Amino acid sequence: MRKYWSFFKMRLMAGLQYRAAAMAGMSTQFVWGAMEILLYRAFWLEHPERFPMGMEALSSYIWLQQAFLSLFAMWNWENDILESVKTGAVSYELLRPTDIYSMWMARSIANRLARAALRMVPVILLSSLLPAPWGLRLRISPAAFGVFLLSMVLMVLVVCAYSLFVYSLTFYLTDPNGIMVLSVAAADLLGGAIVPLPFLPEGFRKFAELTPFASMQNVPLRIFSGDIPLPEAPAVMGLQAFWIVVLLSAGYLLTRNGLRRAVILGG
Amino acid sequence: MIEMKGISKTYRVRRREAGLGNALKSLVSRDYTDIPALRDMSFTVPDGQILGYIGPNGAGKSTTIKILSGILRPDRGECTVDGLVPWEDRKRHVARLGVVFGQRSQLWWDVPVMESFDLLRDIYRVPAAEFRENLDRLTVLLDLGDLLKTPARMLSLGQRMRCEIAAALLHGPKVLFLDEPTIGLDAVSKLKVREFILEQNRLCGTTVLLTTHDMQDIDALCSRVLLIGKGQLLLDGDTARIRAMAGESLSTEEPVADLYRRFGI
């Protein structure tokens, strides 16, 4: 376990040094969040009663989404891993007495945490200073906050498990770009990145909520904003856990088989 | 002790003629050609030997190294390194192995070298005291000093190679594979690296398998040389004998090229 912790630490430290990227990302996210809220405000002022979420809940959803973007943004791939699988350099990882899949997981989690750590605090601070209902509402019961934190952890695991699944598919494809573009689009639409899932038509929303993408940002953001009430939380978080297990095992098997093939074919 | 007995390895390569028609055809049926990379390769390396492994590009040197490192499985034949079959007992095998590929880096690019070393310590589970001792020794012998605090990307090639070699030896491996370790180095760095390899071998009894195209590497380091071509072992003898067969020349590549010509490879 200690060696995977070290991989984690290493990736975290490497990620923490990109200050300029963090500054740029932070300002983008702040402007983006403000624009989104202005857009929804126009609709809300017209027909507040037809809004599927309260404006305050929606603002919290959007600000948290911007603060934690790096944690769940599907396009936040770990390029080193993709490259190493594509070029076959991954076989050189076999020179270490480690399990490659666990190492990938440690690195992916660290990569996302490092990026988020540098950006989230200013966005949370500034947005919580905005007047209601446009700001981030920090009033949340300790119980709800605990559930929110747990669903955040599950969310990061789902996102990383999904990324690893895509990396493992790369063993079988000449170029993984197609599946990556598709994943980003699917996560944007079905995961509540473009519009929160409550805004989608009923039937389509029910379908979207079952996909692994809805187990990503959709869950913690809606728990925090109060849109998913606490009694419903265990069911959605159970689904998160389900996807973690399914994606991790599928990716693990694909990688094991892919590596065996690489070992036989010659990296 | 490294033992290889009757190892053969064939690669399957997809081939097609150029042109749109043939590209379309290959969508339906694909032609494969078998390329033998190693044919019935056998040799034994006793503990503590420095062995030069030479042959032209495509002769099968890398394939041999990959098989010995456990990242490639041969089609036929037996192989053990200190009693372990590399590709079957991979984790235990690589824990006792150090590898340096002259053309690849095992250091993390953006962080100081020492961070990579700490990571390697945890990966190989080197006890703190042993790690300290190895590191101190390597720091003195390879003149690492301030390099440890420098990010790998800021190092010159010679500095980086010294760090790479140190990285491969932190866990005190019994066997060291060096794949063209002096490639692209300047004269001073080459001498330093050679001097170190000899010292490491003398002090720790490390078995070294060295691939190179540089006759001076072989002269300076190896007591024995294997020459391979087209996947077969052509010559196995002590360095003096090989040296006598190769022409006299001041350049470093000429004598090796001479040998290749003589064997028609």
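Above this note sits the structure.
Here's a quick rundown of the structure. Counting starts from 1 at the beginning of each chain's written sequence and moves along it residue by residue. Following the order in which they are written, the chains are lettered starting with A and the ligands numbered starting with 1. Totals for whole chains, interfaces and linings use all residues, but because this is a predicted model, local features are given only for residues with pLDDT of at least 70 and pairs of side-chain atoms are given and counted only at 80 or more.

## Points about the overall build of chain A
The test is simple: A run of H or I in DSSP counts as a helix once it spans at least four residues, and a run of E counts as a strand once it spans at least two, with each numbered from the N terminus. The globule rule is 2.2 Å times the number of residues to the power 0.38, and the radius of gyration it is compared with is taken over C-alpha atoms. In this scheme every C-beta is placed from the backbone, and a residue whose C-beta has 20 or more other C-beta atoms within 10 Å is buried, one with 12 or fewer is exposed, and one in between is partly exposed. What counts as a contact here is a pair of residues whose C-beta atoms, placed from the backbone, lie within 7 Å.
The helix and strand tally for chain A stands at 11 helices and 0 strands. Over its C-alpha atoms chain A spans a radius of gyration of 19 Å, differing by no more than 12% from the 18 Å that the globule rule assigns to 267 residues. Evaluated residue by residue, chain A yields a buried proportion of 43% over its 267 residues. Here the analysis covers contacts within chain A between residues at least 6 apart in sequence; of these, 82% occur between residues at least 24 apart.

## Let's talk about the interface of chain B and chain A
To keep things clear, this is the line we draw: Each residue gets one label: Ala, Val, Leu, Ile, Met, Phe, Trp, Tyr, Cys and Pro are nonpolar, Asp, Glu, Lys and Arg are charged, and the others, such as Gly, are polar.
Facing 21 residues of chain B, the contacting portion of chain A comprises 19 residues. Elements with a minimum of two residues in the side of chain B that touches chain A: α3 (90–94) and α4 (113–123) of chain B. Element by element, the count of residues in the side of chain B that touches chain A is highest for α4 of chain B, at 4 residues. Looking at the side of chain B that touches chain A, its residues break down into 12 nonpolar, 2 polar and 7 charged.

## Notes on the sheet that holds strand β1 (residues 2–15) of chain B
All names here are of chain B. This is how it is decided: A pair of strands is treated as paired once DSSP finds two or more bridges between them. Helix axes are fitted only over the stretch in contact, all axes being lines through C-alpha atoms; the angle between N-to-C directions runs from 0 to 180 degrees.
Read across the sheet, 3 strands follow the order β2-β1-β4 without closing on themselves; strand pairing throughout is antiparallel. Of all strands in the sheet, those bounded by a partner on one side alone are β2 (31–45) and β4 (76–81). The sheet shows a mean angle of 30 degrees between the axes of neighbouring strands, direction not considered. Bridging between β1 and β2 involves 11 bridges; their strand directions are antiparallel. By the bridge assignment, Val-13 is partnered in β2 with Thr-33.

## Some remarks on the sheet that holds strand β6 (residues 175–179) of chain B
All names here are of chain B. Taking strand neighbours across the sheet as the criterion, the 6 strands line up as β5-β6-β7-β3-β8-β9 in an open arrangement whose pairing is mixed. On the outer flanks of this sheet lie β5 (97–101) and β9 (232–238), each paired with one strand and no other. On average, each strand axis in the sheet is inclined to that of its neighbour by 15 degrees, with strand direction left out of account. As paired elements, strand β8 (residues 224–229) and β9 share 6 bridges and run antiparallel to each other. Each residue of the ladder has a partner; that of Leu-226, found in β9, is Asp-236.

## Section: the environment of Val-188 of chain B
Inspection of the secondary structure assignment puts Val-188 of chain B in helix α7 (residues 187–204). Spatially, the C-alpha atoms of Val-188 of chain B and Gly-158 of chain B are 8.8 Å apart, while their sequence positions differ by 30 residues.

## Examining unusual backbone geometry
With omega at -5 degrees, the peptide bond leading from Ala-132 of chain A into Pro-133 of chain A counts as cis. Looking at the secondary structure, you find Pro-133 of chain A in the loop between α6 (100–128) and α7 (142–169). Even without glycine at this site, Arg-125 of chain B takes up a positive phi of about 50 degrees. Mapping Arg-125 of chain B onto the fold places it in the loop between α4 and α5 (128–141). Despite not being glycine, Glu-180 of chain B shows a phi value in the positive range, around 50 degrees. The topology assignment puts Glu-180 of chain B in the loop between β6 and α7. Its 18 C-beta neighbours within 10 Å are what place Glu-180 of chain B among the partly exposed residues.

## Let's talk about the pairing of β5 of chain B
As a general feature of sheets, a regular strand has side chains that alternate between the two faces. Residue and element names in this part refer to chain B. Buried residues dominate β5, accounting for 5 of its 5 residues. Of the two faces of β5, the one carrying Leu-97, Val-99 and Phe-101 and the one carrying Gly-98 and Val-100 are both buried. With 5 bridges connecting them, β5 and β6 associate as parallel partners. Its bridge partner lying in β6, Gly-98 is registered against Leu-176.

## Brief notes about the packing of helix α2 (residues 19–46) of chain A against helix α3 (residues 55–67) of chain A
When two helices pack together, their arrangement is given by the angle between the helix axes and by the axis-to-axis distance. All names here are of chain A. To be explicit about the condition: Angle categories: roughly parallel below 35 degrees, roughly antiparallel above 145, roughly perpendicular from 65 to 115, and oblique for all the rest. Each crossing is labelled by how the near helix is turned from the far one, with a counterclockwise turn of less than a right angle marking it left-handed and a clockwise turn marking it right-handed.
It is the contact of α2 with α3, at a shortest axis distance of 9 Å, that shows an interaxial angle of 160 degrees. Classified by the angle between their axes, α2 and α3 sit roughly antiparallel to one another. Judged by the twist between their axes, the crossing of α2 over α3 is right-handed. Residues Gln-29, Phe-30, Trp-32, Gly-33, Glu-36, Ile-37, Tyr-40 and Trp-44 of α2 lie in contact with α3, whose contacting residues are Met-55, Leu-58, Ser-59, Ile-62, Trp-63 and Gln-66. Looking at side-chain class alone, the contact of α2 with α3 contains 9 nonpolar, 4 polar and 1 charged residues.

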